[in-house]
Amino acid sequence: MYFSHILKSKKIALSLVLGVFLTFCTCKTFAIQHEEGHNEAAKTETEKEFNPSEVILEHIADSHMWHLWGHTSVALPVILYTDKGLETFSADKFEHGHADHAGKYYTYRLVKDKVHIVAENDTLLSAATVLKLNKKLIDLSITRNVVSMWMSMILLLIIFLSVSAAYKKREGKAPKGLQSFMEPIIMFVRDDIARPNIGYKYQRFMPLLLTIFFFIWINNLIGLVPFFPGGANLTGNIAVTFVLAFITLIIVNVNGNKYYWKHIFAPDVPVWLYPIMWPVELVGIISKPFALMIRLFANITAGHIIVLSLISLIFVFKSAYVSVVSVPFVVFMDVLELLVAALQAFIFTLLTALFIGTAIEEHHH
Amino acid sequence: MELVTPEIGLVFWTTVSFLILFFLLAKFAWKPIMGAIDDRERSIEDALLKAAAAKDEMARLTNENESLLKDARAERDLILLEARKLKDHIVSEAKEAAQKEGARQIELARIEINNQKNIAMADVKNQVSALSIEIAEKILRKQFEDQGKQDALVADLLKEVKL
Amino acid sequence: MIGSIAALGAGLAVIGAGIGIGQVGGKAMEGIARQPDAASKIQTAMIIAAALIEGAALFGVVVSFLGLR
């Protein structure tokens with residue numbers, strides 16, 4: 001892209017060399033500290049060993065609390081659907097995982113931001129296992145990601161309702177303000193994503209493509225903001241990308257025409273190959289949205305992990321001087337992530353359009 | 001492993017929220033926006049088409065004008081030519097008629113002249129004969145005033161008569 | 001131990017993706033140099049191809065996530 005000239009700068013090259021050097025240096029010190037930590041862990045609990053992977057995973061995972069600053073955080077409502085009924089309480093009751101909450105039906109405990117049922121013999125049953133075993137507990141809490149998603153939805157609604165109002169008010173005139181910012185993007189989705197890939201029937205799918213595009217994009221961008229309005233890792237959550245990919249799967253297969261199904265169930269191969277072809281084609285149906293799901297999830301999560309790892313370096317080395325190296329890298333990564341945010345929204349929408357296009361394509365053999 | 005296991009709660013909320021967002025945006029945002037954009041594009045296209053049509057019409061009109069002018073000019077020439085022909089025709093006809101009339105008049109005049117001449121001649125002849133008789137009478141009277149001469153003449157005449 | 005092996009696996013996946021995206025980018029550059037007029041089309045195609053390759057690498061990364069904890 002356009003970053004190559006940055007690498008030519010002497011300062012950057014110097015800091016790169018320094019960074020690599022420091023990495024090796026601190027690997028040693030880290031190892032030493034690690035040993036020391038083992039010894040000291042028993043002595044002092046307050047000076048806990050900094051574990052970057054734990055911190056990073058905590059940041060990219062979902063949570064029942066929304067950390068604002070310092071020790072201030074907002075407790076979000078916990079909604080549990082148990083076999084005995086619905087249970088609602090504030091996540092405050094867990095006191096950051098230090099206390100159990102005795103609800104109406106069960107006693108609950110928060111372990112690693114997951115609600116578990118505490119059985120009488122004090123063994124833990126997680127939501128997932130309980131669900132599997134006897135469908136006792138479904139966690140429908142309003143978590144950080146849900147709140148973040150709702151905020152992004154409100155933002156999207158405000159933006160696009162005002163834009164559509166502007167279209168009504170300034171009918172037939174040139175766009176202005178926010179409208180003129182959004183119109184090229186909408187036109188881009190229409191002319192570069194929908195029309196070339198779907199064909200002349202593109203108009204039916206425009207609302208879906210536009211919603212997917214802007215939903216992913218705005219949530220990618222909000223995810224990049226490190227403090228309050230952001231801070232959630234929505235599009236880097238497999239559940240969200242799963243839903244998006246599942247919607248794509250449904251739309252593609254509902255709209256698949258007879259050529260599409262013929263290609264799957266009666267391809268142009270000898271009949272005795274059908275038993276082999278069917279599983280392959282069925283896997284193909286699933287694997288396309290699956291790839292979409294994994295791509296978005298992994299891209300956004302990987303970006304967050306890299307940024308957080310670079311920041312963690314400062315705490316791993318326990319030295320403010322490391323920030324001289326890591327902060328420019330974080331800035332660089334954030335700029336790259338801005339690009340990735342738009343790119344992933346584009347790719348997801350483009351591939352959705354492509355799959356829809358292949359499903360509704362009219363073949364003329 | 002935990003990271004790649006979708007949580008059922010978030011799946012539920014995402015599905016609900018996304019569908020609500022989709023329907024709200026589709027109904028209240030995308031429909032009007034796409035409609036407005038399409039309308040504007042169509043109107044621009046229409047305007048362009050109309051401009052092209054107007055240009056064609058203009059060219060056609062100009063052509064028509066020119067051809068009309070050409071026709072008019074040709075017609076004018078034709079009319080002029082015809083007029084000239086007619087004029088020539090009329091002139092020549094008039095000339096012919098005049099000539100004919102002249103000739104007739106001349107003929108009439110000649111006949112009249114002849115008539116008059118004949119009358120005059122007859123008159124002259126009568127007068128001449130009267131005069132001649134008068135003269136002859138006078139001469140004869142003069143001649144025969146003398147008896148002798150009368151007798152001589154008779155004698156002559158008698159001599160001439162040979163019986 | 002599993003985490004380290006997973007990291008190694010992720011690294012190997014990244015090597016493949018790096019080579020692939022490098023190829024795509026290089027060929028795209030050549031294409032653009034040869035036909036600057038088609039730059040935008042080539043760029044779009046390049047981004048799509050790169051994203052698809054990246055997707056393959058990310059499968060590797062996700063598999064390494066599976067090894068976490």
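So, how was this worked out
- Residues numbered from 1 in each chain as written.
- Chains lettered and ligands numbered in written order.
- Predicted model: local features only at pLDDT ≥ 70, side-chain atom pairs only at ≥ 80, totals over all residues.
- Heavy atoms only, no water.
- UniProt positions renumbered as here; feature names shortened; annotations may be inferred.
- Helix = DSSP H or I, 4+ residues; strand = E, 2+ residues; numbered from the N terminus.
- Contact = heavy atoms within 4.5 Å.
- Buried area = accessible area lost by both parts, 1.4 Å probe.
- Salt bridge = Lys/Arg side-chain N within 4 Å of Asp/Glu carboxyl O.
- Polar contact = N/O pair within 3.5 Å; in protein donor to acceptor, adjacent residues only side chain to side chain.
- Core = buried A, V, L, I, M, F, W, Y, C linked by side-chain atoms within 4.5 Å.
- Buried < 20%, exposed > 50% of the residue type's maximum accessible area, 1.4 Å probe, protein only.
- Domains from an automatic or database assignment.
- Phe/Tyr/Trp six-rings, centres within 6.5 Å; stacked < 30°, edge-to-face > 60°.
- Pairing = 2+ DSSP bridges.
- Axes fitted to C-alpha atoms, helices over the stretch in contact; angles between N-to-C directions.
- Patch = residues over 30% accessible without salt bridge, like charges linked within 9 Å, V, L, I, M, F, W, Y side chains within 5 Å.
- Areas by Shrake-Rupley, 256 points an atom, 1.4 Å probe, with all protein chains shown as cover.
- Parallel < 35°, antiparallel > 145°, perpendicular 65-115°, else oblique.
- Nonpolar A, V, L, I, M, F, W, Y, C, P; charged D, E, K, R; others polar.

In the annotation of an unreviewed UniProt entry, the entry for chain C reads ATP synthase subunit c, and the organism field reads Mucilaginibacter phyllosphaerae.

The name an unreviewed UniProt entry gives chain B is ATP synthase subunit b, with Mucilaginibacter phyllosphaerae as the organism. Quoted verbatim from the Sequence similarities (unreviewed entry) field of UniProt, the annotation for chain B is "Belongs to the ATPase B chain family."

Following the UniProt record, the feature "coiled-coil region" (unreviewed entry) maps to residues 37-78 of chain B here. The span residues 37-78 of chain B is 100% helix and 0% strand, and its two end C-alpha atoms sit 60 Å from each other.

The next subject is the interface of chain A and chain B. Across the boundary between the two partners, chain A contributes 51 residues, which contact 32 residues of chain B. With both chains or domains summed, chain A and chain B bury close to 3,700 Å², and 80% of this area falls on carbon and sulfur atoms. Counting the surface chain A buries against chain B, the share from its top three residues, Tyr167(A), Thr211(A) and Val243(A), is 14%. Taken together, chain A and chain B are joined by three salt bridges. Across the salt bridge formed by Asp38(B) and Arg190(A), the nearest N and O atoms sit 3.1 Å from each other. Linking chain A to chain B there are ten residue pairs in polar contact (both at pLDDT 80 or more). Taken together, the elements giving at least two residues each to the side of chain A that touches chain B come down to helix H3 (52-60), strand S9 (137-139), helix H5 (144-169), helix H6 (178-198), helix H7 (206-224), helix H8 (238-255) and helix H10 (274-317) of chain A.

Now for the nonpolar core. Counting 94 residues, the largest nonpolar core has Phe160(A), Ile186(A), Phe214(A), Phe215(A), Trp30(B) and Ile33(B) as the members making the most contacts within it. Counting residues per element, this core draws most heavily on helix H1 (residues 8-143) of chain B, at 14 residues. Counting only domains with at least three residues in this core, you end up with domain 1 (66-142) and domain 2 (145-360) of chain A. By size, the runner-up hydrophobic cluster in this structure holds twelve residues, among which are Val78(A), Phe94(A), Tyr108(A) and Val115(A).

Once that is clear, we can look at the UniProt feature "domain: V-ATPase proteolipid subunit C-like" (unreviewed entry) in chain C. Taken from the UniProt record, the annotation "domain: V-ATPase proteolipid subunit C-like" (unreviewed entry) applies to residues 6-66 of chain C. Secondary structure over residues 6-66 of chain C splits into 93% helix and 0% strand, and the C-alpha atoms at its two ends are 8 Å apart.

For the rest of this paragraph, the subject is the UniProt feature "transmembrane region" (unreviewed entry) in chain B. The sites that carry the UniProt feature "transmembrane region" (unreviewed entry) are, in the present numbering, residues 12-30 of chain B. Counted over residues 12-30 of chain B, helix gives 100% and strand 0%. Its end C-alpha atoms are 25 Å apart.

Quick look at the packing of aromatic side chains now. A complete count under the given rule lists 16 aromatic pairs over all chains for this structure. Judged by centre distance (5.0 Å) and plane angle (70°), the ring pair of Phe12(B) and Trp13(B) falls under edge-to-face. Here the aromatic residues Phe160(A), Phe213(A), Phe214(A), Trp217(A) and Trp30(B) are joined through ring pairs into a cluster of three or more.

Moving on: the pattern of salt bridges. Scanning all chains against the criterion turns up 17 salt bridges over all chains. In this structure, the salt-bridge partner of Arg190(A) is Asp191(A), at a minimum N-O distance of 3.0 Å. For Asp191(A), a relative accessible area of 30% gives the class partly exposed. Here Arg110(B) makes a salt bridge to Glu107(B), at a shortest N to O gap of 3.3 Å. Pair noted here: Arg110(B) and Glu107(B) are both in helix H1, with a separation of three residues, about one helical turn. According to the relative accessible area criterion, Arg110(B) is partly exposed, its value standing at 45%. Each of Arg190(A), Asp191(A), Arg195(A), Asp38(B) and Glu41(B) takes part in salt bridges that share partners, so that together they form one network.

This paragraph deals with the environment of Phe94(A). Residue and element names in this part refer to chain A. Summarising the element assignment, Phe94 is placed in the loop between strand S4 (85-90) and strand S5 (101-102). We classify Phe94 as buried; its relative accessible area is 0%. On a C-alpha basis, the gap between Phe94 and Val115 in space is 9.6 Å, while along the polypeptide they are 21 residues apart.

Residue and element names in this part refer to chain A. Counting through the fold element by element, Ser312 comes out in helix H10. Exposure remark for Ser312: the relative accessible area of 5% places this residue in the buried category. Ignoring sequence-local partners within four residues, the contact set of Ser312 consists of Phe50, Pro52 and Ile56.

Residues and elements named next belong to chain A. With antiparallel pairing, three strands are arranged side by side in an open sheet as S4-S3-S9. Lying at the two open borders of the sheet, with one neighbouring strand each, are S4 and S9. Each neighbouring strand pair of the sheet contributes to a mean axis angle of 25°, computed without reference to strand direction. Note that strand S3 (residues 77-82) and S4 share six bridges and pair antiparallel.

What follows concerns unusual backbone geometry. Residue and element names in this part refer to chain A. Within the chain, Lys318 stands out as a residue other than glycine whose phi angle is a positive 55°. Here Lys318 shows up in the loop between H10 and helix H11 (322-360). Judged by its relative accessible area of 55%, Lys318 is exposed.

Another point: a nonpolar patch on the surface. A cluster of nonpolar side chains, Leu161(A), Phe12(B), Val16(B), Ile20(B), Leu24(B) and Phe28(B), forms an exposed patch at the surface whose accessible area comes to about 460 Å². Of the residues forming the nonpolar patch, the biggest block, five residues, is contributed by H1(B). Here Val16(B) lies in helix H1. Residue Val16(B) is classed as partly exposed on the basis of its relative accessible area of 31%.

On to the packing of H10(A) against helix H2 (residues 39-66) of chain C, then. Close contact between H10(A) and H2(C) brings their axes to 8 Å; oriented N to C, the two are set at 70°. It follows from the interaxial angle that H10(A) and H2(C) lie roughly perpendicular. Here Phe290(A), Ala291(A), Ile294(A), Arg295(A), Phe297(A), Ala298(A), Asn299(A), Thr301(A) and Ile305(A) of H10(A) lie close against H2(C), whose contacting residues are Ala51(C), Leu52(C), Glu54(C), Gly55(C), Leu58(C), Phe59(C), Val62(C) and Phe65(C). For the contact of H10(A) with H2(C), a count of residues per class yields twelve nonpolar, three polar and two charged.

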